[in-house]
Amino acid sequence: MDYKSSLIQDGNPLENLEKQLICPICLEMFTKPVVILPCQHNLCRKCANDIFQAANPYWSSRGGSMSMSGGRFRCPTCRHEVIMDRHGVYGLQRNLLVENIIDIYKQECSSRPLQKGSHPMCKEHEDEKINIYCLTCEMPTCSMCKVFGAHQACEVAPLQSVFQGQKTELSNCISMLVAGNDRVQTIITQLEDSSRVTKENSHQVKEELSQKFDVLYAILDEKKSELLQRITQEQEEKLSFIEALIQQYREQLDKSTKLVETAIQSLDEPGGAIFLLSAKKLIKSIVEASKGCQLGKTEQGFENMDYFTLDLEHIADTLRTIDFGTDEEEEEFTEDDQEEEESTEGKEEGHQ
């Protein structure tokens, strides 16, 4: 608390000093003992105890059994969280400097005459100080207004008693509000923790879901490679067979072509004896070559590969039904499947 700079900036040092010595809870000058918080702000120990009890309603009081755990509350000035040990506010250090300043201030004020204008005056009776409170109109006034003025029929009370009562009420309201703020801050902290845990849990289940789908992708890729390999193997076997047939037919065609050429040359032979010497053998070769045309052939539909067709519609339908479910739903689903299988087996046995 920088008293020196505050006093220099104000033309009335005592008035400014009084402002520095006001408790933010009861709005009155600090009542000894004065405690200093870790954030360096000061409170009346009674006021500090009030807000501490409001923020920690289950903490044992000093008059009862000592609590084994502390509590916490927030500084009403800066909202810094003050953590108490098992001694509560009685474990806070007293600010003896502030208490000494309060004593000096009170001594200074008691030794100085009351300055003119320091006490509010009645507007109707300018020479009369406001010294009573009208309970009916709920406003401060002077004694002359009660005797001769507008408040003759009203109920009045001493100004000091009403003053103390309303200050006490306001102090209680402040304590309630401070405690309420602490509860709201606790809820905010809990919600922030809930938000963080929700993000962490969401990240975890996303990772697990991705891993499960990666396993499915791997299974599908493996099965795809296996089936493609089978198709490729069948293709190679059929192509090898066809290529072998083509080679056989080409060899047969070459032989036939040579026989045709030889037969044509034989027909051009003018001598009958020479022709007859080779004609019989040539005719036999042509007959055997004609029989060779009965080589292997491909069956009808040999080129067809339709037997490798897959019906994946039921699997696609199953994949489309993938969804999040509870363990209870999975158990019910399993029981229904078992009942359906047992029913199917019973029908089959009946038909047999």
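Just so you know, these numbers come straight off a predicted model, no measurement behind them.

Caption draft 1: Up close: a nonpolar patch on the surface. Taken together, the side chains of Val215, Leu216, Tyr217, Ile219, Leu220, Leu310, Leu312, Ile315, Leu319 and Ile322 present a nonpolar region at the surface, about 920 Å² in accessible area. Elements supplying a minimum of two residues to the nonpolar patch: α6 (159-267) and α8 (313-320). Examined against the element boundaries, Leu310 turns out to sit in the loop between α7 (272-291) and α8.

Caption draft 2: Examining the packing of aromatic side chains more closely. Throughout the structure, instances matching the rule amount to 4 aromatic pairs. Each ring, one from Phe213 and one from Tyr217, has its centre 6.2 Å from the other, and the planes form 55°; the classification is tilted. You can see Phe213 and its partner Tyr217 sitting in helix α6, 4 residues apart, about one turn around the helix. A relative accessible area of 47% means that Tyr217 is categorised as partly exposed. With 4.7 Å between their ring centres and 45° between their planes, Tyr307 and Phe308 make a pair best called tilted. In this arrangement the basic side chain of Lys238 is found over the ring face of Phe302, its NZ or CZ atom lying 5.1 Å from the centre.

Caption draft 3: Main features of the environment of Val82. Within the secondary structure, Val82 is located in strand β4 (residues 81-84). When its relative accessible area of 0% is taken as the criterion, Val82 is described as buried. Separated by 30 residues in sequence, Val82 and Phe52 place their C-alpha atoms 9.5 Å apart. Other than its neighbours up to four places away in sequence, Val82 contacts Leu37, Pro38, Gly71, Arg72, Phe73 and Cys75.

Cut-offs used in this document
- Residues numbered from 1 in each chain as written.
- Predicted model: local features only at pLDDT ≥ 70, side-chain atom pairs only at ≥ 80, totals over all residues.
- Heavy atoms only, no water.
- Patch = residues over 30% accessible without salt bridge, like charges linked within 9 Å, V, L, I, M, F, W, Y side chains within 5 Å.
- Areas by Shrake-Rupley, 256 points an atom, 1.4 Å probe, with all protein chains shown as cover.
- Salt bridge = Lys/Arg side-chain N within 4 Å of Asp/Glu carboxyl O.
- Helix = DSSP H or I, 4+ residues; strand = E, 2+ residues; numbered from the N terminus.
- Phe/Tyr/Trp six-rings, centres within 6.5 Å; stacked < 30°, edge-to-face > 60°.
- Buried < 20%, exposed > 50% of the residue type's maximum accessible area, 1.4 Å probe, protein only.
- Lys NZ or Arg CZ within 6 Å of the ring centre and 35° of its normal.
- Contact = heavy atoms within 4.5 Å.

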